[in-house]
Amino acid sequence: MIEISRVDIYHFSAPIKEPIVTSFGAIIARNNILLRIEDQDGAHGWGEIWASFPPCGAENKVRLLQSIVLPTALGRRYENPTEAWHGLTRLMRRHALQSAEPGPFAACLAGIDVALWDLAARKAGVPLWRALGRESMPEPLPAYASNLNPTGTPEMIASCRERGYRAFKVKVGFDLTTDLENIGTIADSLGDGEALMVDVNQGWDIKDARAAVPAFAEMPLDWIEEPICVDEPVEQWAELARLSQVPLAGGENILSLTDFENAVDDGHLGVIQPDIGKWGGFSGCLPVARRAVAAGRRYCPHWLNAGIGLHASAHLLSAVGGTGFLEHDALENPLQAPLAEPFPPLADGCFLLSDRPGLGVEPDLGTAAQWLQSHIEMSA
Ligand SMILES: [Mg+2]
C-alpha cells in the first residue's frame, strides 16, 4: 500500500553554449522537472517529467502539478504504482480534456509513476529491473549517442567515439541534398560494429518523404525516425514502410495505450520508442514495450533529458530485453550526471545498471542548486 504523503517539485534550467538544432526549431537551454515522492512511512522515490521543449512548457507542468494534479494525488492510497497510474489517469481525464492539455497532464502522471515505482522498489530493497520482472543482473546495454546536430557532425562523431559510443543518431529534415551528403559522409566513415540512425523529427510531408525515405534507405542505417508527423494517416506510414528497407521508428509523440497498440500491430514501425517521462511511466510503457518485443519490433526507449529518466529508461529496457539501443544524450547537458549520482560512465559503448535498490541513483541537489528555478513542497 502506498499513500502519497509528500511531494517535492524541482524545476532546473541550465544554459548551453550551442543550441540543439532540430527540424522543428532550436532548443537553447536544458530544462528538467524532478519529483521526489514520499509515502506514509517516509520511503521516497524520484521521477522525471519530460521538459525538453518548449522551455516554457516546464513552467506550465510545474503549475499543473501544483494546482491540480498533486492536490488530487496527495493523501490517496493505492495498492501499487500501476494502480496509482491508472487511478490518477482516470481522475485527471476530464481535466486533461477540458484544458485541452492532455500531453502535459500525461507527462505529469508519467513522472509520478516513475517516482512511485522507484519508491516501491527501494522499499522492497530490489533494483528496478528486478521489480519490473528481470531476474538476473542485466547485461551492459548498448547505448547510442543521440541529439547530434546537422553541422560539424563528423567532428562530433569522432568525439563521441572517443567517449566510448559505437552508435550515433543524427538530426535530418533540413535541406535534403545537404542532409544526404552529411549522412553519406558519416556512413562511409563508420567502423566495424558501428551503427548510424537518422531522426527527421516529423520534418517531412508525404511528398518530401516519398523522395527522401528511399534515398536514405540506400544507406546502412539502423532506422529512419519520425519521417512524417505522428498523426498522419496510417496509409502514409504504410506507403513509406513499403518504400524503405530500413525500419521506420517512432513513438516519442504517441500518447495513449490504444495508439501504441495500433502502432505495434499495424507493423509500419520496426522500432517502437515510447518516452517514459512523456507518457505512461513504467506502468504504461512496460506493456507497450513487451507487446513490441513480442511482435518482433525493436523497443528503443526515447529519452532526451536528465539522468533520472535515463536510468528509468535503462531499467525498463533491461527488464524487457530484445535488441534495442538505449538513447543517450551526447550533447552538452549539465543536468544529466549531477541529477543522477553515481552516474555511470559508458563502458565500451554500453550503459551499466547497478543492483542498488530502485533506480540506484540520487540527485546531487547541492551541485544542481546553481540551476534551480523553483522548489515547491506539498504535503497531504
Ligand atoms: Mg526523435
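Nothing here was measured: the structure is a model prediction, and the numbers come from that model. (Residues numbered from 1 in each chain as written. Predicted model: local features only at pLDDT ≥ 70, side-chain atom pairs only at ≥ 80, totals over all residues.)

Here the focus is the overall build of the chain. Each helix and strand in the chain was counted, giving 12 helices and 15 strands. A globule of 380 residues ought to have a C-alpha radius of gyration of about 21 Å, and the chain, at 20 Å, matches this closely. Dimensions of the chain, computed from the C-alpha atoms along their principal axes, are close to 55 × 40 × 40 Å. Here the chain holds 380 residues, and the buried ones make up 50% of them. In the chain, the share of contacts with a sequence separation of at least 24, taken over all contacts with a separation of at least 6, comes to 73%. (Helix = DSSP H or I, 4+ residues; strand = E, 2+ residues; numbered from the N terminus. Rg over C-alpha atoms; globule rule 2.2 N^0.38 Å. Buried ≥ 20, exposed ≤ 12 C-beta atoms within 10 Å, placed from the backbone. Contact = placed C-beta atoms within 7 Å.)

Sheet architecture is open: four strands sit in the order β4-β3-β2-β15, paired in antiparallel fashion. Both outer strands of the open sheet, β4 (44–49) and β15 (372–379), are each paired with one neighbouring strand and no more. Between one strand axis and the next, the sheet turns by 20° as a mean value, whatever way the strands run. Looking at chain direction, strand β2 (residues 6–22) and strand β3 (residues 25–38) are connected through 13 bridges and run antiparallel. Across the sheet, F12 pairs through a bridge with N32, a residue of β3. Along the sheet, helix α1 (residues 55–73) makes contact with β2, β3, β4 and β15, crossing β2 at roughly 165°. (Pairing = 2+ DSSP bridges. Axes fitted to C-alpha atoms, helices over the stretch in contact; angles between N-to-C directions.)

With that settled, the discussion passes to the environment of I272. With respect to the helices, strands and loops of the structure, I272 is situated in strand β11 (residues 269–272). Excluding residues that lie within four positions of it along the chain, I272 makes contacts with G251, A263, V264, V288, A292, R297 and Y299.

Nonpolar side chains tend toward joint burial in soluble globular proteins. Judged by nonpolar contacts, the single largest core of 120 residues is most densely connected at F168, I224 and L316. It is helix α3 (residues 102–124) that provides the largest number of residues to this core, a total of 14 residues. For this core, the two domains that each supply at least three residues are domain 1 (2–125 + 366–379) and domain 2 (130–351). In this view, L316 contacts L132, I276, F282, C285, L286, A289 and P301; residues no more than four positions away in its chain are not counted. (Core = buried A, V, L, I, M, F, W, Y, C linked by C-beta atoms within 7 Å. Domains from an automatic or database assignment.)

The next subject is the domain arrangement of the chain. The domain boundaries assigned to the chain delineate domain 1 (2–125 + 366–379) and domain 2 (130–351). Using only C-alpha atoms to locate each centre, domain 1 and domain 2 end up separated by 23 Å. Taken together, the contact between domain 1 and domain 2 spans 38 residues of the former and 35 residues of the latter. Elements with a contribution of two residues or more to the side of domain 1 that touches domain 2: β2, β3, β4, α2 (81–98), α3 and α12 (365–368). Per-element accounting of the side of domain 1 that touches domain 2 gives the leading share, 12 residues, to α3.

Turn by turn, an α-helix covers 3.6 residues, leaving residues three or four places apart pointing in a common direction. Taking 1.5 Å as the rise per residue, helix α6 (residues 176–189) with 14 residues should run 20 Å; its terminal C-alpha atoms sit 20 Å apart, in good agreement. Here α6 has its buried residues at D179, N182, I183 and I186. Angularly, the buried residues of α6 cover 90° about the axis, an arc narrow enough to put them on a single face. Turned more than 90 degrees away from the buried face of α6 sit T177, E181, T185 and D188, all of them exposed. Taken together, the buried residues of α6 touch α5 (153–162), β7 (167–171), β8 (195–199) and α7 (206–217). (Expected span 1.5 Å × (residues − 1). Arc of directions from axis to C-beta.)

Of note, the bond from F53 into P54 is cis; its omega dihedral lies within 30 degrees of zero at -15°. Considering the arrangement of structural elements, one finds P54 in the loop between β4 and α1. Along the chain, E341 connects to P342 via a cis peptide bond; the corresponding omega equals -5°. Positionally, P342 belongs in the loop between β13 (326–329) and β14 (350–351). With phi around 85°, N147 is a residue other than glycine that occupies positive phi space.

As a packed pair, α1 and α3 sit with axes 9 Å apart at the nearest point and diverge in direction by 65°. By the angle class used here, α1 and α3 are roughly perpendicular. Every pair of crossing elements has a handedness; the one defined by α1 and α3 is right-handed. Only P104, F105, A107, C108 and I112 of α3 make contact with α1, whose side of the interface consists of G57, N60, K61, L64, L65, V69 and A73. Here the residues of the contact of α1 with α3 are counted per class, giving nine nonpolar, two polar and one charged. (Parallel < 35°, antiparallel > 145°, perpendicular 65-115°, else oblique. Left-handed = near helix turned anticlockwise from the far one by under 90°. Nonpolar A, V, L, I, M, F, W, Y, C, P; charged D, E, K, R; others polar.)

On to the packing of α5 against α6. Interhelical geometry of α5 versus α6 gives an angle of 35° and a closest axis separation of 10 Å. Where α5 crosses over α6, the handedness of that crossing is right-handed. Contact residues: T153, P154 and I157 in α5; N182, T185, I186 and S189 in α6. Taken together, the residues that form the contact of α5 with α6 break down as three nonpolar, four polar and no charged.

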